[in-house]
Amino acid sequence: MTTEVHAPNDALRAVRIGLRMSQDDLAKALRRAGVELGEPNEASKRLVQRWESGISRSPRPVYIRALEKVTGVPIESLGFAPQVPMARVHGDGAGGHDMTPSAEGVAPASADTRAGQRTVAENYGGVWLSRYEYYSSGREDVFEGRHYVVLVQHGNRLTGRSLNGASLNPDSPLSLDLTVDRSVVTGTWTEQTATGGYYQGACYHGALQMLVEPTSRRMAGKWVGFGKDFDVNTGPWELRLMDTSVSKATLERYSVPPE
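Position numbers for residues start from 1 in each chain and track the written sequence from start to end. pLDDT decides what is reported in this predicted model: residues at 70 or higher carry local features, side-chain atom pairs at 80 or more are listed and counted, and totals for whole chains, interfaces and linings draw on all residues regardless. Excluded from the side-chain calculations are hydrogens and water; all other atoms, namely the structure's heavy atoms, are used.

Looking up the protein chain in an unreviewed UniProt entry gives the name Transcriptional regulator, with the organism given as Streptomyces rapamycinicus.

Pasting the structure below:
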């Protein structure tokens, strides 16, 4: 008899930790959100545990709306399997129409595939200071982005989310999805800029590769991403370990803009 392997939902767990909530706190917040949305739900600590363990990967719509309200994060960024894609109809320019499946219908890697990846002995979980540099062509100067992020590790996968209020530029949350292979860290980054900031709420994303120093307390490398004219840019990026604890007291201490 085979036992099904479930891939933990580290994205949801990282967001919850970043909000300084326990699993029970999140369940209570979801119930309150349901009432406010006019569609009460029965969220419980047990349900949150099932989501985070990967046992349940497709929340019902009533929970999806509550999750998005509580976390401020779209459901596709909370580690859940995508919903069934809906075909879109558009004119073909010749009096007819074509159907195009949604790009959101691409399924994530299966649990079996993830379980077969390389694991690492080091544990990189904790609070890290993320720092990168970029050149602004509009302002003709080099600027720096800094966030305190929580890294959650499962095997060789690292999921990072910035803490609320812990970015140099307010309301610019950062997400990291990384894989560790010995001393090499590779993955992607996404930053949603502040609506009232210079970039007016634009969402930027790209690739990231870093090397881990022997002390395992610093990762340094480069990012790749696109600019406003769709040119490909690059620059330095580093992560420095601040604290291995993710207790509420620790997270509250780092929920401030980095100096």
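## Points about the overall build of the protein chain
Here is the rule we go by: Only DSSP runs of H or I with at least four residues qualify as helices, and only runs of E with at least two residues qualify as strands; both kinds are numbered from the N terminus onward. Remark: exposure states derive from per-residue accessible area (1.4 Å probe, protein chains only) relative to the maximum for the residue type, with buried under 20%, exposed over 50%, and partly exposed in between. Working rule for contacts: check all heavy atoms of both residues, and any pair within 4.5 Å makes them a contact. Note on areas: these come from Shrake-Rupley sampling with a 1.4 Å probe, and a residue is covered only by the protein chains present in the view.
Tallying secondary structure elements over the protein chain gives six helices and ten strands in all. Counting across all 259 residues of the protein chain, residues that qualify as buried make up 40%. In the protein chain, once contacts between residues fewer than 6 apart in sequence are set aside, the share between residues at least 24 apart is 48%. About 14,500 Å² of surface is accessible on the protein chain, with carbon and sulfur atoms providing 52% of the total.

## Describing the nonpolar core
Just so we agree on the cut-off: Definition used in this section: a nonpolar core is a set of buried Ala, Val, Leu, Ile, Met, Phe, Trp, Tyr and Cys residues joined via side-chain atoms within 4.5 Å.
Within the largest apolar cluster, 22 residues are counted, with the highest numbers of intra-cluster contacts made by Trp128, Leu176, Leu208, Met219, Trp237 and Leu239. Every element with two or more residues in this core is listed here: β3 (126–136), β4 (141–154), β6 (174–181), β7 (184–192), β8 (203–212), β9 (218–226) and β10 (232–243). The contact partners of Met219, leaving out residues within four places of it in the chain, are Tyr124, Trp128, Leu151, Leu158, Val185, Met210, Leu211, Val212, Trp237, Glu238 and Leu239. Among the nonpolar cores identified, the runner-up in size contains 21 residues, and Ala27, Leu30, Ile75 and Phe80 belong to it.

## Remarks on helix α2 (residues 23–36)
Threshold: Multiplying one less than the number of residues by 1.5 Å gives the expected span of a helix. The arc refers to the directions leading from the helix axis to the C-beta atoms.
With 14 residues, α2 should reach 20 Å at 1.5 Å per residue; the first-to-last C-alpha distance of 20 Å fits that figure. Taken together, the buried positions of α2 are occupied by Gln23, Leu26, Ala27, Ala29, Leu30, Ala33 and Gly34. What you see down the axis of α2 is that its buried residues fit within an arc of 165°, all on one side. Every exposed residue of α2 that faces more than 90 degrees away from the buried side is listed here: Arg32, Val35 and Glu36. Buried residues along α2 sit against α1 (10–18), α3 (45–53) and α4 (61–71). Phi turns positive one or two residues past the end of α2, at Gly38, with a value near 80°.

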